[in-house]
Amino acid sequence: MFGIDDPAIYLAYLFSIVCLAGCAVYGIVNWNKGHEPDEKEFGEELKWEKEEESLNEEL
Amino acid sequence: MNAFVLGLVVIIYLLAVTYLGFKGYRETRTASDYLLAGRQTHPFVMALSYGATFISTSAIVGFGGMAAVYGMGLIWLTFLNIFIGIFLAFVFFGRRTRRMGYHLGAHSFPEFLGRRFNSNKIQMISGAIIFISMPLYAAVVLIGGARFMESIFGMDFGMALTFFTLVIAAYVIAGGMKGVMYTDAFQGGIMFFGLFFLLYMTYSKLGGFSSAHQALTDMVSMVPEKLKAMGHQGWTAYPVFNSTWWWVLTTNIILGVGIGVLAQPQLVVRFMTVKSDRELNRAVFIGALFIFVATGFIYTVGALSNVYFLRETGKLAQEAAGGNVDSIIPAFISAALPEWFVYLFMLTLLSAAMSTLSSQFHVMGTSLGRDFLEKILPKGKYSTMLITRFAIVVSIIIAMIIGYKLPGSIIARGTAIFFGVCAAAFLPAYIAAIYWKRANAKAVLYSIVTGMVVSVFWLAFMHKAESAPMGICQALFGKPTLAETFPWAIIDPIVVAFPISALVLVVGSLLKPEEPHESVKF
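About the cut-offs
Residues numbered from 1 in each chain as written. Chains lettered and ligands numbered in written order. Predicted model: local features only at pLDDT ≥ 70, side-chain atom pairs only at ≥ 80, totals over all residues. Helix = DSSP H or I, 4+ residues; strand = E, 2+ residues; numbered from the N terminus. Rg over C-alpha atoms; globule rule 2.2 N^0.38 Å. Buried ≥ 20, exposed ≤ 12 C-beta atoms within 10 Å, placed from the backbone. Contact = placed C-beta atoms within 7 Å. Core = buried A, V, L, I, M, F, W, Y, C linked by C-beta atoms within 7 Å. Domains from an automatic or database assignment. Nonpolar A, V, L, I, M, F, W, Y, C, P; charged D, E, K, R; others polar. pLDDT = per-residue confidence, 0-100. Expected span 1.5 Å × (residues − 1). Bend = angle between axes of the 7 residues up to and from the residue. Axes fitted to C-alpha atoms, helices over the stretch in contact; angles between N-to-C directions. Parallel < 35°, antiparallel > 145°, perpendicular 65-115°, else oblique.

(A) Examining the overall build of chain B more closely. Assigned secondary structure in chain B consists of 23 helices and 0 strands. The C-alpha atoms of chain B give a radius of gyration of 23 Å, which matches the 24 Å a tight globule of 522 residues would have. Per-residue burial over chain B gives 60% buried out of 522 residues. Long-range contacts, defined here as pairs at least 24 residues apart, represent 80% of the contacts in chain B between residues at least 6 apart.

Here's what the structure looks like:
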């Protein structure tokens, strides 16, 4: 195939391309998924910032 | 090359890097900014930074040269790099790492493991392993970059090493993770276009896609006797099953480098730099495309360089490049491609070295600063940023000393040593951290230590590629390796150390399962 006779080589190319295509499909299908606001994360972010501020004030 | 054009290109490049480093510095206010880029990184920047860190100059020049000698079998590494290094890593490791890391308040890979298992010991020992083994890996890349500058600009090696280190040190120390990721993304972009054009021009030079491959396939009768005896069957064929080269290719390169990537601290930490799973989902394709071009294209060009050299000089690539595998790709580029491309490729290699090094410096610094020094220094006396900046300076100095002092034969194995130790020590622990609720902290600690000890033993006494230059086995037992029967001396440490380390973790955890700390959310 395309000048390469050993299946162990052209399969490596084929698998790489299929895998790349799979990643493209995965990325497109899930483009907007996984961004639901998580209240807990907001809470933790505030906690982090407070800790950081108090540490800076101490210093 | 035209000295004026060369100087101009490098100055523009350095100005862009300086600007991005300064942008990182200006946007860095908190420890979270400095260590994790404020967890707000754009998916495009994250994916390119991940890819550019992943692919160093040795992956381009070293592995490209290996493809010229051994052929297209290396494309399996491209497949594994995309499938394991991107797809599995982002989807099955990245998302959980990000979420769990967030809830645990982890700022580094050792801190992630330590907080997940509620153990300061795990954090400190993991930090120490990284800090001890990584400078050798960094020295490999550092020397590669300095040698490259020495040959291109005609600089003295010592001066090139110092200059190169100072430039990178400046933006890593000042800009922290933001500086590192912005510059990585810029450098990743240069690498992408450089390698894209390289493949395109190679095919057009050799008469097109299929005819270039066919010409390479037809060269099967020219395989040198020495390589034929090792199992070489031509540049478009996989080696003979169970031959020496089959074992080397299958275990060392494909398993060692392909799987070893999952537990690389400098890559894992990037999962924690994005805001949500959405960013990781979007980064999957960008990362996969980058790795496909950065590895697949250079391995193909490496193998095809034989066709060019045979036509032009009547010699195989390795012979035409003076016998040195690392010289094949540079020799092919300067002989076969137009001058403007030589400038672009020079920037490609410089970018590959700088993007990997900046991340190495940053991770070494956080391992020493955040994971080690902060644990032993009085709490609240010094800020995380100050400690980490100090630790980065120490790490850079150590990497430079190693670069100057250690013999070249050991340095050349630095990447393999680091990958081997990291995969065996951290991979079982990392998988358990994100997938096994009842893993026991003590078992995890023993698994990390066992993985490190077994892989170091294998590297120093069994795997000849490292044990011979290290010389410890020779000094103690009077021979370069203790492995006397085929194929043990060529089997990669990961094949032995990873299963043992995993076994320790599984048996230890089954004997005394442990409920995770309440802050751990799966």
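Moving on from the coordinates now.
(B) Structural detail: the nonpolar core. Residue and element names in this part refer to chain B. One finds L74, I82, A138, L142 and V444 to be the most contacted residues of the largest nonpolar core, which totals 193 residues. When residues are assigned to domains, this core turns out to be shared by domain 1 (3-406) and domain 2 (415-522), each giving three or more. Contacts of L142, omitting those with residues within four sequence positions, involve L161, F164, T165, L357, A399, M400 and G403.

(C) A look at unusual backbone geometry. Residues and elements named next belong to chain B. Not every positive phi belongs to a glycine, and A37 is a case in point at roughly 55°. The backbone of R39 shows a phi angle near 55°, a positive value even though the residue is not glycine. Residue placement: R39 occurs in the loop between helix 2 (31-36) and helix 3 (43-54).

(D) How the structure looks around the interface of chain B and chain A. Taken together, the contact between chain B and chain A spans 38 residues of the former and 31 residues of the latter. Sorting the residues of the side of chain B that touches chain A by element identifies helix 2, helix 5 (75-104), helix 9 (209-217) and helix 13 (277-313) of chain B as the ones contributing at least two each. Considering only residue class, the side of chain B that touches chain A consists of 18 nonpolar, 17 polar and 3 charged.

(E) Examining the confidence of the model for chain B more closely. Residues with a pLDDT of 70 or more make up 97% of chain B, whose mean pLDDT is 90. Per the prediction output, this complex has pTM 0.89; the corresponding ipTM is 0.86.

(F) Region of interest: helix 19 (residues 414-435) of chain B. Residue and element names in this part refer to chain B. Here helix 19 contains 22 residues, and its C-alpha end-to-end distance of 31 Å stays within 8% of the 32 Å for a straight helix at 1.5 Å per residue. Of all the bends in helix 19, the greatest reaches close to 40° and is centred on F426; the proline P428 follows between one and four positions later. With 19 of 22 residues buried, helix 19 lies mostly within the body of the structure.

(G) Layout of the domain arrangement of chain B. Residue and element names in this part refer to chain B. In terms of domain boundaries, chain B breaks down into domain 1 (3-406) and domain 2 (415-522). Relative to domain 2, the C-alpha centre of domain 1 lies at a distance of 23 Å. Put simply, the parts of the chain that give the side of domain 1 that touches domain 2 at least two residues each are helix 5, helix 6 (109-116), helix 7 (120-153) and helix 11 (244-260).

(H) Region of interest: the packing of helix 4 (residues 57-70) of chain B against helix 16 (residues 339-376) of chain B. Residues and elements named next belong to chain B. Two numbers describe how helix 4 lies on helix 16: the axes approach to 7 Å, and their chain directions differ by 125°. As judged from the angle between their axes, helix 4 and helix 16 are oblique. Seen from helix 4, the contacting residues are T57, I60 and V61; seen from helix 16, they are L349, A352 and A353. Among the residues forming the contact of helix 4 with helix 16, the class breakdown is 5 nonpolar, 1 polar and no charged.

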